[in-house]
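Residue-level structure breakdown
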Amino acid sequence: MSKATGTGTGARSSAPHGADSHDVIRVHGARENNLKDVSIEIPKRRLTVFTGVSGSGKSSLVFNTIAAESQRLINETYSSFVQGFMPTLARPEVDVLDGLTTVITVDQQRMGSDPRSTVGTATDANAMLRILFSRLGKPHIGPPSAYSFNTATVRASGGITVERGAAKTKTVKATYNRTGGMCTHCEGRGKVSDIDLTQLYDDSKSIAEGAFTIPGWKSDNVWTVGIYAESGFLDPNKPIRRYTKKEMQDFLYREPTKVKVNGVNLTYEGLIPKIQKSFLSKDKEAMQPHIRAFVERAVTFTTCPECDGTRLSEGARSSKIKRISIADACAMEIRDLTEWVRALKEPSVAPLLAALQQTLDSFVEIGLGYLALDRPAGTLSGGEAQRVKMIRHLGSALTDVTYVFDEPTIGLHPHDIQRMNDLLLRLRDKGNTVLVVEHKPEAIAIADHVVDLGPGAGTAGGTVCFEGTVEGLRAGDTITGRHLDDRATLKETVRKPSGSLEIRGATANNLRDVDVDIPLGALVVITGVAGSGKSSLVHGSIPAREQVVSVDQTPIRGSRRSNPATYTGLLDPIRKAFAKVNGVKPALFSANSEGACPTCNGAGVIYTDLAMMAGVATPCEDCEGKRFQAEVLEYRLGGRDISEVLAMSVSEAEEFFGGGEAHTPAAHKILDRLADVGLGYLTLGQPLTTLSGGERQRLKLATHMSEKGGVYVLDEPTTGLHLADVEHLLGLLDRLVDSGKSVIVIEHHQAVMAHADWIIDLGPGAGHDGGKVVFEGTPADLVAKRATLTGEHLAAYIGA
């Protein structure tokens, strides 16, 4: 009997186990955004790269379908009570999603710009350091909170009522103490804001003569100028510079006081607190351009004199381990801090030291050893922020997880891409499924499986053009396959500069007293490994000039009501053209103003909140999703109503407003710029919230192209660009230079380097190993010398 049992067991074990049959993620009928009934099988425990031109549907498939559904299903495992505190997610537009595993998303969203958020607080390294100092720091000043710049010291005492049974109450005296490490002067921010009074008023004039230079403060406005002139605290006819000490105190700092002006009860308040409430407490990005410019002029930020920018109280700075305070530790480059922690041999905190060591080693391993823990999180580039988010996953014991990456090579020098590739392969080799949206050939080359979407962008995309190996893609007839081996060539002749932009003694961040002349009237590319000082040189050291137009990586903020037409100012000439032809007000043709459908308030959809379940957005029944009142849609321009115009793509609209009855030069000029930056496929009314990071940056570039600048500074404009689109970008840069502009580009893409007239290479390394100019000259000279990392990689790229 036992023999028979053994035979049976052997027979069963030779057959494949049922659990091993679930080796693919199956997607059937995906229709999210522009996807056209996409059906696909993605192998598990492999590295799959998704390619395709910008707007082809990669993010819609990977993030908005696969990752979104996995997260929604995980959320549903929690109780209804817990789900009420979690973000609500709608089910993606897909027929079948099978074989999903837990998804961990590592996207390129920049980290929060809260001034109290740093690299250390975002990765738990600070928390471990605080515990370490609370155990080993001398003198001992208190628990971990005593070393936290986010925790204020609190002391309180008083009587509290204690209830003991039905009728027994007793008042007892109680005291409460909490020791925090926050600097009381700057409240843990490290910087203090100061207001430049010369930007608020002209002190040679009186209030009656119009001394105020604040936007919107007109002499006939009783709420602003009037209250100061009629309050009785000040002489409106005396020049401000002649005010007495008391008058100046009342003018600038007086506490809110009730006054009567022309029979109306108003509240008088000093100018400084009034400006802080009306301007400084608001989101700067949401302000009108002229008000934002005023705020940037009027407010200056200086290092806190009390804590010298460390954010910490004197007590926290006084406690040290081996002559190093927590402020000193956080200011070190992480690779130096790693060595300091490794040298600490204290058995009582051995597990803590091991965990901290592992976290810090991960920073170095991922190529971020040049950062410091006190670096504000908001100052990290998109690529740096993405790699910081990877830190917590590198040492994870989890397996059979799906990791989803959004262009992890953003911001990486070719030298660093190999290191990122190794990390992705390590995650795969631990038994995880790795899905990567990527454009760089070096990252595509390591894929086990490739999915190419397209063939075009927007409505011309949304289908799977190729599935298979990298070799199959290279041999296939898709846009990505044809361009995979593209290599830009060096220019035969480079432009002669028309002048130079001098930088002398630059010391921003890690720059070491850099002197450099940036040629004008040419295409100049600033290169170097991540952390070498490129942004510090360009954004932190170029002299402030009115002629400099900077297009950096800061994200575009916009609600679901914002779209390319509103962001670029295109809607203004379109509304005026409709109004002129139909003899009505332009406001009728705005979905945010008089023309909005009253049922949905111009949103086009009705949002129904279902508490912990996903909210439902249903098309408005009155306007059928068109966002405008029915009578507004009766007005036409060139045979189209306003909703039909907003549904056009940029390319369609460019032709529509280029001639005939709808000929509108102002609108056509903006549309030309949008097409120039490769956004011809976007629809004018597409919500900004649906655009990718690369699309948003190019939208910003198109907007800035209208400014009358002589010098354009672009920060990694190839972000999110397909191989085929890089050539288009190079043409745009050439046109800008040929029109008399000077273009300075911070870039890692070898095609842009090869196309440059002049290259300035920083390094040789990152952090304190960088900050020097290691090469200046033409791309041909850089390749010939091969004296830097950039030179070696550029030579390999062009096959020299």
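Cut-offs and rules
- Residues numbered from 1 in each chain as written.
- Predicted model: local features only at pLDDT ≥ 70, side-chain atom pairs only at ≥ 80, totals over all residues.
- Heavy atoms only, no water.
- Pairing = 2+ DSSP bridges.
- Helix = DSSP H or I, 4+ residues; strand = E, 2+ residues; numbered from the N terminus.
- Core = buried A, V, L, I, M, F, W, Y, C linked by side-chain atoms within 4.5 Å.
- Buried < 20%, exposed > 50% of the residue type's maximum accessible area, 1.4 Å probe, protein only.
- Contact = heavy atoms within 4.5 Å.
- Axes fitted to C-alpha atoms, helices over the stretch in contact; angles between N-to-C directions.
- Parallel < 35°, antiparallel > 145°, perpendicular 65-115°, else oblique.
- Left-handed = near helix turned anticlockwise from the far one by under 90°.
- pLDDT = per-residue confidence, 0-100.

Of the pairings in the sheet, the one linking strand β1 (residues 24–30) to strand β2 (residues 38–43) comprises five bridges and is antiparallel in character. If you follow I25 over to β2, its bridge partner there is I42. In this structure, β1 lies alongside strand β4 (residues 96–98), joined through three bridges in antiparallel fashion. Looking at the pairing, R26 lines up with D98 of β4.

Below, the discussion takes up the nonpolar core. As a rule of thumb, nonpolar side chains are buried together in soluble globular proteins. Judged by nonpolar contacts, the single largest core of 70 residues is most densely connected at I574, I642, F657, L684 and V743. It is helix α26 (residues 723–738) that provides the largest number of residues to this core, a total of seven residues. When residues no more than four places from it in sequence are discounted, the contact partners of I574 are I642, V645, F657, A667 and L684. Counting residues in each nonpolar core, the second largest holds 69 residues, with A125, A327, Y403 and L484 among its members.

The next point concerns the sheet that holds β1. The three strands are arranged β2-β1-β4 in an open sheet whose pairing can be described as antiparallel. Edge strands, defined here as strands with exactly one partner in the open sheet, are β2 and β4. Within this sheet the neighbouring strands show an average axis-to-axis angle of 5 degrees, counted without direction.

Orientation of helix α12 (residues 334–342) relative to helix α13 (residues 350–365), taken along the N-to-C sense of each, is 155 degrees, at an axis distance of 9 Å. Here α13 runs roughly antiparallel to α12, going by the angle between their axes. Along this stretch, α12 crosses α13, giving a crossing that reads as left-handed. Contacts between α12 and α13 pair I334, R335, L337, T338, V341 and R342 from the former with L353, L356, Q357, L360, D361, F363 and V364 from the latter.

Mean pLDDT over the chain: 85, with 92% of residues reaching 70 or higher. Segment residues 1–12 is flagged for pLDDT under 50; beyond a separation of four residues in sequence, or across chains, it makes zero contacts in the model.

Turning our eyes to something else, we now look at the sheet that holds strand β26 (residues 758–763). Here six strands make up an open sheet; going across it, the order is β21-β24-β25-β20-β26-β27 and the pairing mixed. At either margin of the open sheet sits one strand with a lone partner, and together these are β21 (548–551) and β27 (772–777). Each neighbouring strand pair of the sheet contributes to a mean axis angle of 15 degrees, computed without reference to strand direction. Here strand β24 (residues 711–715) runs beside strand β25 (residues 742–746); their pairing, made up of five bridges, is parallel. Across the sheet, residue Y712 finds its bridge partner in β25, namely V743. In this fold α26 packs onto β20 (523–527), β24 and β25, with an angle of close to 145 degrees to the strand it touches most, β25.

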